[in-house]
Amino acid sequence: MNLCDHPLVGKLTSLGLARGDFVVAGSGPLLAHGLRSSVGDLDIVARGSAWKRAIELADPVPAPSGHGQMVLLFDGGLEIFDRWLPGSAGPDELIDGAEWVQGLPFCPLREVLKWKRTSLRQKDREDILLIQKHLDGEVLDLE
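Residues numbered from 1 in each chain as written. Predicted model: local features only at pLDDT ≥ 70, side-chain atom pairs only at ≥ 80, totals over all residues. Heavy atoms only, no water.

### So, the nonpolar core
What counts here: Remark: nonpolar core denotes a set of buried residues (Ala, Val, Leu, Ile, Met, Phe, Trp, Tyr, Cys) joined through side-chain atoms within 4.5 Å. Whether a residue is buried, partly exposed or exposed follows from its accessible area with a 1.4 Å probe, protein chains only, as a fraction of its type maximum: under 20%, in between, or over 50%, in that order. To qualify as a helix, a DSSP run of H or I must reach at least 4 residues; to qualify as a strand, a run of E must reach at least 2; elements of each kind are numbered from the N terminus. Contacts between residues were defined by any pair of non-hydrogen atoms, one from each residue, lying within 4.5 Å.
Among the nonpolar cores identified, the biggest contains 25 residues, and Leu 12, Phe 22, Leu 42 and Ile 80 are the most heavily contacted of them. Within the residue set of this core, elements represented by two or more residues are helix H1 (7–14), strand E1 (22–25), helix H2 (28–32), strand E2 (42–46), helix H3 (48–57), strand E4 (69–73), strand E5 (78–81) and strand E7 (104–106). With residues up to four places along the chain from it excluded, the contact list for Phe 22 reads Leu 12, Leu 17, Ile 44, Val 45, Ala 46, Ala 50, Ile 95, Leu 104 and Pro 105. In this structure, Ala 25, Ala 63, Ala 98 and Cys 107 belong to the second largest nonpolar core, which totals 21 residues.

Rendered as structure tokens:
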């Protein structure tokens, strides 16, 4: 699947955010790895010029986690955060540790797995199984 064909990824790329100043978090990495064919929104962690661009487009509001701020764009299709969930790595570490898929930075699936195990919403439980199966397959491929 070409990621740029996905409507939300197209909206993200239309913003022209500096590629070294953001990372796709949340369920977006599952989309990038083909583990999910759709997501309700894309969660983006941004810093520097990418965050400045986001706050030029809309006023920041408190993040639902109570941790930092977020900007909602495209009727909530894109949620851009200045930091990720409580207890997760800071923006610099997340962004610098990004895994690049089709020219876009995504949080590694192992990181996503950690957050989803903490959250344990129903959709997270389903995602945990998808990620674990994918990672287990990765290990088998190395042997």
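### Here's the deal with the side chain of Lys 116
Worth spelling out the cut-off: For the purposes of these results, a polar contact is taken to be a pair of N or O atoms within 3.5 Å, where, inside protein, one atom must be able to donate a hydrogen and its partner to accept one; residues adjacent in sequence count only when each atom of the pair is a side-chain atom.
Structurally, the position occupied by Lys 116 is in helix H5 (residues 109–119). Among the polar contacts made by the side chain of Lys 116, one reaches the side chain of Ser 27 at a distance of 3.1 Å. The contact partners of Lys 116, leaving out residues within four places of it in the chain, are Gly 26, Ser 27, Leu 30, Asp 124, Asp 127, Ile 128 and Ile 131.

### Digging into the layout of surface pockets
Our working rule: A cavity here means a set of points on a 1 Å grid, drawn over the protein atoms and nothing else, where a 1.4 Å probe fits but cannot get out; a pocket is an open set with protein on both sides within 12 Å along at least five of seven lines, and a residue lines either one if it has an atom within 4 Å of a point. Grid points are joined across faces, edges and corners, and a volume is the space filled by probe spheres set on the points.
Here the largest pocket defines a volume of roughly 420 Å³. Around the largest pocket, the lining is made up of 22 residues, and of these Gly 26, Asp 43, Trp 84, Leu 85 and Arg 121 lie nearest the centre. With 3 residues, the single largest contributor to the lining of the largest pocket is H5.

### Structural notes on the environment of Trp 100
Along the chain, the position of Trp 100 falls in strand E6 (residues 99–101). Given a relative accessible area of 48%, Trp 100 falls into the partly exposed group. Residues Trp 100 and Val 9, 91 residues apart in the sequence, show an inter-C-alpha distance of 14 Å. What Trp 100 contacts, discounting residues up to four positions off in sequence, is Arg 19 and Pro 105.

### Thoughts on H5
Among the residues making up H5, those that are buried are Leu 109, Val 112, Leu 113, Trp 115 and Lys 116. One or two steps after H5, the chain reaches Leu 120, where phi turns positive at roughly 55°.

### Re the side chain of Asp 124
Position of Asp 124 among the secondary structure elements: in helix H6 (residues 122–142). Excluding its chain neighbours within four sequence positions, the residues that come into contact with Asp 124 are Lys 116 and Ser 119.

### Some words on H3
This is how the line gets drawn: Starting at the helix axis, one direction is taken to each C-beta atom, and the arc is that of these directions.
All buried positions along H3 are accounted for by Ala 50, Trp 51 and Ala 54. End-on view of H3: buried residues confined to an arc of 95°, all on one side of the axis. Among the exposed residues of H3, those pointing more than 90 degrees away from its buried face are Lys 52 and Glu 56. Check the buried side of H3 and you find it contacts E1, E2, E4 and E5.

### Digging into the pairing of E2
This is how the line gets drawn: Only when DSSP finds a minimum of two bridges between them are two strands counted as paired.
Taken across its 5 residues, E2 has 5 buried, putting it largely inside the fold. Of the two faces of E2, the one carrying Leu 42, Ile 44 and Ala 46 and the one carrying Asp 43 and Val 45 are both buried. Across 4 bridges, E2 lies against E5 in parallel orientation. Across the sheet, the residue bridging to Val 45 is Phe 81, located in E5.

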